[in-house]
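Structural overview
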Amino acid sequence: MTRIVLVLGDQLSRGLSSLRDLDPAHDIVLMAELAEETTYVRHHKQKIALILSAMRHFAAGLRAEGIRVDYIALDDPANTGSFTKEVARAIPRHRPERIIVTEPGEWRVLQMIEGWEAQFGLPVEIREDDRFLCSLAEFRQWAAPRKTLRMEYFYRDMRRRTGFLMQGDDPVGGQWNFDSQNRKALPTGLRPPPRRPKPPDAITQAVLDLVARRFPDTFGDLLPFRWAVTRHGALEALDRFVALSLPLFGEYQDAMAEGEPFLFHALLSPYLNIGLLTAHEVCRAAERAYHMGDAPLNAVEGFIRQIIGWREYVRGIYWMKMPDYARTNALHADRPLPWFYWTGDTAMRCMAQTITDTRRNAYAHHIQRLMVTGNFALLAGIRPAEVEEWYLAVYADAFDWVELPNTHGMVLWADGGMLASKPYAASGAYIDRMSDYCRRCAYDPRIRTGPRACPFNFLYWDFLMRNRPQLAGNPRLALSWRNLDRISPQEQTRIRDQARAFLDAPGTTAPAPEHPDL
Ligand code: FAD
Ligand code: DLZ
Ligand code: SF4
């Protein structure tokens, strides 16, 4: 008897639970490029191209193994455009006894799939996505007895459970976390490894043509397209990262620099998220580099923490707290997303650079996302749903389960502190310390109010004043309140007035340039 195995666009792993007991003689794999999925947010062109090309390559790989794949292309005239309608259309074609699918990465899609059994009158088997190192049941168990769900404690449990960087019961090097060594700005003259895109193969070229035709107006440059679209290509990217970037990943993890969008980062998140790489093999490769003496502990520990710590933790939070999680707005943020998030057209150099990097590459590294575009959205009080939609659209690695907790929780503190013990609010001084953006900015990070004041400064103090009622009791903000109380009432009024005027027309007024080369 035939079974239909539906494989979603972010489930491109040969070891996927739904594919494990596949019987090539009887079963059919169903994959579909869908209008609904390509448009539910205005995805970056490169994100669409990455997913469609990786899907086509994955389907070709299955066929080469002798597996029957029913592949519905985006421009197939019969394509109805949604998961539900494509499954409905496939049922009379294949007359399956059941439908099998690995659980999806989005609440929205799970809701859809959970309705199918009743809708189609067929058993629908939803299998666990065991590509993650911590199952959802294990995460719930970890969370159940705790009042606060801090990532650091989850991470230590994950170190013990996985054995990564462990010596018996103790962490290698005697410490769990080496972040204090990982906060350097990029020194002049240090050049990160070059990253040259490879020419696309015929499948990718066809997808690039399709995306150029079908999505001419969505955000982002389609070319140069630098993403790997096969497991082989993703493994090559992993090897290159470990050899060339990992040794300095730790030290410059928080650095930002003009013209250096990638620095020493891995650029592996899209491959992990669509299934071309596993979290385990990526961590294993980094750990091996440490044991071989090819990368220092601060780099390897920092890297592994992002994956077995943050990545697994945000997934656990997402599935434990959805759907209510997305609806909270602890700081009552209610301003619309400024239009310059889509154009980069702002005099704030840090914002313009981060948005330009994002448009060109469908990528910005973590500190750009957190401390530039994220920090601005937090300080400005932008509606969480609009910020989340932006992050979900513009990055090649963006999927709801990972984007939402990072944006809603880590960046916007809209969950009231479940993820982050205090808001990551920072003034221009932080950006100035960690980047070279301010050097050529029309604003001055040392000035708090007045025509050349860095907007991050007056917005930062305005944020604290505005949110004092909600945040007053937060012990981690004690120093901020003391500093705020040192500002005279007249200056506080100036801050409020300038913040309000700026937020009412953000980015439209630029101060007269002081630097001759601007
Ligand atoms: P590196 O900096 O080299 O880190 C290595 C790996 O660690 C990444 O590939 C990623 O898999 C993992 N990782 C690092 N930080 C996080 C984190 N906070 N949460 C989960 N995994 C992490 N990551 C996504 O994969 N998808 C998203 O949609 C996404 N949205 C984000 C939105 C905001 C507002 C913020 C602040 C962060 C977001 N992140 C997201 C986390 C992080 O910024 C990216 O994973 C990282 O920038 C990807 O680039 P990289 O592979 O070069 O990562
Ligand atoms: C993000 C995305 C895009 C752009 N296109 C498709 C698609 O055409 N077909 C598909 O199966 N999946 C796509 N995806 C991923 C889904 O939107 C969704 O994020 C995941 O399947 C998560 O459940
Ligand atoms: Fe950004 Fe302010 Fe620095 Fe300009 S001065 S780059 S706005 S932090």
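All values derive from a computational prediction rather than experimental measurement.

**A short note on the packing of helix H16 (residues 384-394) against helix H17 (residues 400-411)**
The interhelical angle for the contact between H16 and H17, taken along N-to-C directions, is 135°, at an axis separation of 9 Å. With respect to their mutual orientation, H16 and H17 come out oblique. Seen from above, H16 lies across H17 with right-handed handedness. On H17, the residues that touch Pro384, Val387, Glu388, Tyr391 and Leu392 of H16 are Asp400, Glu403, Leu404, Thr407 and His408. Within the contact of H16 with H17, the residues separate by chemical class into five nonpolar, two polar and three charged.

**Things to note about the domain arrangement of the protein**
According to the domain assignment, the protein contains domain 1 (3-127), domain 2 (136-211 + 228-321) and domain 3 (340-504). Contact residues are listed per partner, giving eleven residues for domain 1 and eleven residues for domain 3. Ranked by residue count, the leading element in the side of domain 1 that touches domain 3 is helix H2 (residues 45-64), at three residues. Its residues assigned to classes, the side of domain 1 that touches domain 3 comprises three nonpolar, four polar and four charged.

**Topic: the site of ligand 2**
Taken together, 16 residues form the shell around ligand 2, and within it Leu8, Gly9, Glu37, Pro104 and Val109 come nearest. Elements represented by at least two residues in the shell around ligand 2 include exactly helix H1 (35-39) and H2. Broken down by class, the residue content of the shell around ligand 2 amounts to eight nonpolar, four polar and four charged.

**Quick word on the site of ligand 3**
If you check the shell around ligand 3, you find 14 residues, and the closest are Cys350, Gly428, Cys438, Cys441 and Cys454. Of all the elements in the fold, those that place two or more residues in the shell around ligand 3 are helix H14 (349-361), helix H18 (428-434) and helix H19 (455-466). In terms of residue count, the dominant contributor to the shell around ligand 3 is H18 (three residues). Grouping the constituent residues of the shell around ligand 3 by class yields eleven nonpolar, one polar and two charged.

**What about the sheet that holds strand E3 (residues 68-72)?**
Judged by pairing direction, the sheet is parallel, and its five strands sit side by side in the order E3-E2-E1-E4-E5 without closing on themselves. What marks the edges here is a single partner per strand, and that holds for E3 and strand E5 (124-127). For this sheet, the mean inter-axis angle between neighbouring strands, taken without regard to orientation, is 25°. Of the pairings in the sheet, the one linking strand E1 (residues 3-6) to strand E4 (residues 98-102) comprises four bridges and is parallel in character. Of the residues in E4, the one forming a bridge with arginine 3 is arginine 98.

**Structural notes on H14**
Over its 13 residues, H14 runs 18 Å from end to end, which matches the ideal 18 Å to within 8%, given 1.5 Å per residue. Buried residues of H14: Arg349, Cys350, Met351, Gln353, Thr354, Ile355, Asp357, Thr358 and Asn361, and no others. Considering only its buried residues, H14 is in contact with helix H13 (340-343), helix H15 (366-380), H16 and H18. Directly after H14, the chain includes alanine 362, whose backbone phi takes a positive value near 55°.

**Observations regarding the confidence of the model for the protein**
When pLDDT drops low, the exact placement of atoms in the prediction is not to be read closely. Summary statistics for the protein give a mean pLDDT of 96 and a share of 98% for residues scoring 70 or more. Every residue in residues 514-518 is under pLDDT 50, and counting partners more than four places away or in other chains gives five contacts. The ipTM for the predicted assembly is 0.99, set against a pTM of 0.97.

**Some words on the nonpolar core**
Counting residues in each nonpolar core, the largest one holds 139 residues, and the members touching the most others are Leu246, Leu268, Ala286 and Val300. Beyond its immediate sequence surroundings of up to four residues, alanine 286 is in contact with Val242, Leu246, Ala295, Val300, Phe303 and Ile304.

**Details of the environment of glutamine 353**
Mapping glutamine 353 onto the fold places it in helix H14. For the pair glutamine 353 and aspartate 254, spaced 99 residues apart in the sequence, the C-alpha separation amounts to 16 Å. In this structure, glutamine 353 is in contact with Glu258 and Tyr437, ignoring residues within four places of it in sequence.

**Some thoughts on helix H12 (residues 297-321)**
Its 25 residues place the ends of H12 34 Å apart at the C-alpha level, agreeing with the 36 Å of an ideal helix rising 1.5 Å per residue. Along H12, the largest kink reaches about 30° and is centred on arginine 305. Within H12, 20 of the 25 residues are buried, which leaves the element mostly enclosed by the surrounding structure.

**Here's the deal with unusual backbone geometry**
Note that the residue after leucine 223, namely proline 224, is joined by a cis bond; omega there is -5°. Its place among the elements puts proline 224 in the loop between helix H8 (202-214) and helix H9 (231-249). Look at the link from methionine 322 to proline 323: it is a cis peptide, with omega at 5°. As for its placement among the helices and strands, proline 323 is situated in the loop between H12 and H13. The backbone of arginine 95 shows a phi angle near 45°, a positive value even though the residue is not glycine. With respect to the element layout, arginine 95 can be found in the loop between helix H3 (83-94) and E4. You can call arginine 95 exposed: it has 10 C-beta atoms within 10 Å. At alanine 362, a position not held by glycine, the phi torsion is positive, near 55°.

Conventions we followed
- Residues numbered from 1 in each chain as written.
- Chains lettered and ligands numbered in written order.
- Predicted model: local features only at pLDDT ≥ 70, side-chain atom pairs only at ≥ 80, totals over all residues.
- Axes fitted to C-alpha atoms, helices over the stretch in contact; angles between N-to-C directions.
- Helix = DSSP H or I, 4+ residues; strand = E, 2+ residues; numbered from the N terminus.
- Parallel < 35°, antiparallel > 145°, perpendicular 65-115°, else oblique.
- Left-handed = near helix turned anticlockwise from the far one by under 90°.
- Contact = placed C-beta atoms within 7 Å.
- Nonpolar A, V, L, I, M, F, W, Y, C, P; charged D, E, K, R; others polar.
- Domains from an automatic or database assignment.
- Near = placed C-beta within 6 Å.
- Pairing = 2+ DSSP bridges.
- Expected span 1.5 Å × (residues − 1).
- Buried ≥ 20, exposed ≤ 12 C-beta atoms within 10 Å, placed from the backbone.
- pLDDT = per-residue confidence, 0-100.
- Core = buried A, V, L, I, M, F, W, Y, C linked by C-beta atoms within 7 Å.
- Bend = angle between axes of the 7 residues up to and from the residue.

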